[in-house]
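Observations on the three-dimensional arrangement
So the chains spell out like this:
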Amino acid sequence: MKDHVCVISFNPFSLREMHALDDSIMLGLDYCDLSEKYMGKLNSVDLRELGISVYIPEYKNDKIDCLIKLRSLGFIVIPWTVDNYVDAVKIKNAGLNGIITNRADVMASMLKL
């Protein structure tokens, strides 16, 4: 089952505990602070030490560069909540890994691109 599970939490300390219990489980951090202050402090070592390989930030159109930076650091990046088709295409073109949406019906047409 571990091959098909990703434990996601808002709490990085809970994820650290999960990582200590079993470092083979994929962990994801659901987080919404993409401020310049936070992004300036971000480095992949800090999150990797917690066992985090998936980053699930809140999507904000003006923060796409932050998402691209996270991806370039080797994280799987899946922003939420993307309900606008134009934003979804922008995310796809930026090379991010996916989206979380309330509008799967609208996003389905993107699969044909």
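Quick summary incoming for the structure in this document. The shown structure was predicted, so the numbers you read here are calculated from the model rather than taken from an experiment. (Residues numbered from 1 in each chain as written. Predicted model: local features only at pLDDT ≥ 70, side-chain atom pairs only at ≥ 80, totals over all residues. Heavy atoms only, no water.)

**A closer look at the overall build of the protein chain**
Summing up its helical and strand segments, the protein chain has six helices and four strands in all. Its helices and strands taken in sequence order, the protein chain reads β-α-β-α-α-β-α-β-α-α from the N to the C terminus. Buried residues in the protein chain amount to 33% of all 113 residues. Pairs at least 24 residues apart make up 41% of the contacts formed inside the protein chain by residues separated by at least 6 positions. Of the accessible surface of the protein chain, which amounts to about 6,900 Å², a share of 56% is contributed by carbon and sulfur atoms. (Helix = DSSP H or I, 4+ residues; strand = E, 2+ residues; numbered from the N terminus. Buried < 20%, exposed > 50% of the residue type's maximum accessible area, 1.4 Å probe, protein only. Contact = heavy atoms within 4.5 Å. Areas by Shrake-Rupley, 256 points an atom, 1.4 Å probe, with all protein chains shown as cover.)

**Thoughts on the pairing of strand β1 (residues 6-9)**
By the bridge criterion, four bridges tie β1 to strand β2 (residues 26-31) in an arrangement that is parallel. When the sheet's bridge partners are listed, Cys6 is paired in β2 with Met26. (Pairing = 2+ DSSP bridges.)

**Here we look at the environment of Val5**
Mapped onto the secondary structure, Val5 falls in the segment before β1. Overall, the relative accessible area of 26% leaves Val5 in the partly exposed class.

**Focus on the side chain of Asp30**
With respect to the helices, strands and loops of the structure, Asp30 is situated in strand β2. Although Asp30 is buried, it forms no salt bridge, and the closest oppositely charged side chain is Lys60 at an N-O distance of 11 Å. Of the polar contacts made by the side chain of Asp30, one reaches the side chain of Trp80; its length is 2.8 Å. Apart from the residues within four sequence positions on either side, Asp30 is in contact with Ile8, Ser9, Phe10, Ile56 and Trp80. (Lys, Arg positive; Asp, Glu negative; His and termini not counted. Salt bridge = Lys/Arg side-chain N within 4 Å of Asp/Glu carboxyl O. Polar contact = N/O pair within 3.5 Å; in protein donor to acceptor, adjacent residues only side chain to side chain.)

**Side note on the environment of Gly95**
Mapped onto the fold, Gly95 is located in the loop between α5 (85-93) and α6 (104-107). Along the primary structure Gly95 and Ser72 are separated by 23 residues, whereas in three dimensions their C-alpha atoms are 9.5 Å apart.

**Some thoughts on the sheet that holds strand β3 (residues 52-57)**
Here four strands make up an open sheet; going across it, the order is β1-β2-β3-β4 and the pairing parallel. Bordering the open sheet on either side are β1 and β4 (76-77), each of which pairs with just one other strand.

**So, the packing of aromatic side chains**
A complete count under the given rule lists one aromatic pair for this structure. When the centroid spacing of 6.5 Å and the interplanar angle of 55 degrees are considered together, the rings of Tyr55 and Phe75 count as tilted. With Tyr55 in strand β3 and Phe75 in the loop between α4 (64-72) and β4, this residue pair connects regions lying 20 residues apart in the sequence. Residue Tyr55 shares its accessibility class with Phe75, and that shared class is buried. (Phe/Tyr/Trp six-rings, centres within 6.5 Å; stacked < 30°, edge-to-face > 60°.)

**Observations regarding the pattern of salt bridges**
As enumerated under the stated definition, the model contains two salt bridges in all. The salt bridge involving Glu58 is made with Lys60; its shortest N-O contact spans 4.0 Å. The class for Lys60 is partly exposed, based on a relative accessible area of 37%. The partner of Arg103 in a salt bridge is Asp105, and the shortest N-O contact between them spans 2.8 Å. Arg103 gets classed as partly exposed once you look at its relative accessible area, which sits at 35%.

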